Amino acid sequence: MDHQKFAQMWVNAWNSHNLEDILTHYSDDIEITTPMIVLATGGKESSLQGKETVREYWRKALDKFPDLHFDLIHSTAGVDSVALFYKSIMEKHAVEVMFFNEDGKISKMCAHYD
């Protein structure tokens, strides 16, 4: 996998605000872990599992942040994984580590923010 090409496609999908385009990158059993879940929901959970659960969370996030725009700063490749460093919402910088399944879909993602 060309991590730089993937990174740009991923950023472009998010910047399009098209939820279905965004979700094409993820497996049905996707697990995401991010401090933004607690911030957005006011809950205590920081992880979500399953594409439908994640879809609903991201739908709310896109509604809450209609000006959402990511700027890719750098991407790196690992074993069946990539890490993207980008400028995120609320002027935050993010590092997102994504792990791919055998079908090339993201099955696990962990996000970190400054």
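Notes on the structure follow. Note that this is a predicted model, so its numbers are computed, not measured.

Right, let's talk about the overall build of the chain for a bit. A tally of regular secondary structure across the chain gives four helices and six strands. Along its sequence from the N terminus, the chain presents helices and strands in the succession α-α-β-α-β-α-β-β-β-β. Computed over its C-alpha atoms, the radius of gyration of the chain comes to 13 Å, within 12% of the 13 Å expected for a compact globule of 114 residues. Burial statistics for the chain: of 114 residues in total, 39% are counted as buried. Considering only intrachain contacts with a sequence separation of at least 6, the fraction spanning at least 24 residues in the chain is 43%. For the chain, the accessible area works out to roughly 6400 Å², and carbon and sulfur atoms hold 51% of it. Taking the average location of the 11 positive side-chain charges in the chain and that of its 18 negative ones, the two points are 5 Å from each other.

Burial along strand S5 (residues 93-100) is one-sided: Ala-94, Glu-96, Met-98 and Phe-100 are buried, while His-93, Val-95, Val-97 and Phe-99, pointing the other way, are not. Taken together, strand S4 (residues 81-87) and the strand that follows it, S5, pair antiparallel across an intervening segment of five residues, in which Met-90 is found at a positive phi of about 55°. In the sheet, S5 pairs with strand S6 (residues 106-113) via seven bridges, with the strands oriented antiparallel. Across the sheet, Val-97 pairs through a bridge with Cys-110, a residue of S6. The hairpin formed by S5 and S6 contains five residues between the paired strands, and Gly-104 there has a positive phi angle of roughly 80°.

About the thresholds
- One numbering rule holds for all chains: residues counted from 1, following each sequence as written.
- At least 70 in pLDDT is required for a residue's local features to be given in this predicted model, at least 80 for side-chain atom pairs to be given and counted, and no such filter applies to totals for whole chains, interfaces and linings, which use all residues.
- Side-chain descriptors were evaluated using all non-hydrogen atoms of the structure, hydrogens and water having been removed beforehand.
- The way it works is that DSSP assigns letters per residue, a run of H or I at least four long becomes a helix, a run of E at least two long becomes a strand, and they are numbered from the N terminus.
- Here the globule rule is a power law, 2.2 Å times the number of residues to the power 0.38, and the radius of gyration is based on C-alpha atoms.
- Classification of residues uses two cut-offs on accessible area relative to the type maximum, computed with a 1.4 Å probe and protein chains only: under 20% is buried, over 50% is exposed, and between them is partly exposed.
- Contact criterion: two residues are considered in contact whenever any of their non-hydrogen atoms come within 4.5 Å of each other.
- To be clear on the numbers: accessible area is Shrake-Rupley with a 1.4 Å probe, and residue cover counts the displayed protein chains and nothing else.
- The positive count covers Lys and Arg only, the negative count covers Asp and Glu only, and His and the chain ends enter neither.
- The location of each charge is read from NZ of Lys, CZ of Arg, CG of Asp or CD of Glu.
- A pair of strands is labelled paired if DSSP reports no fewer than 2 bridges between them.

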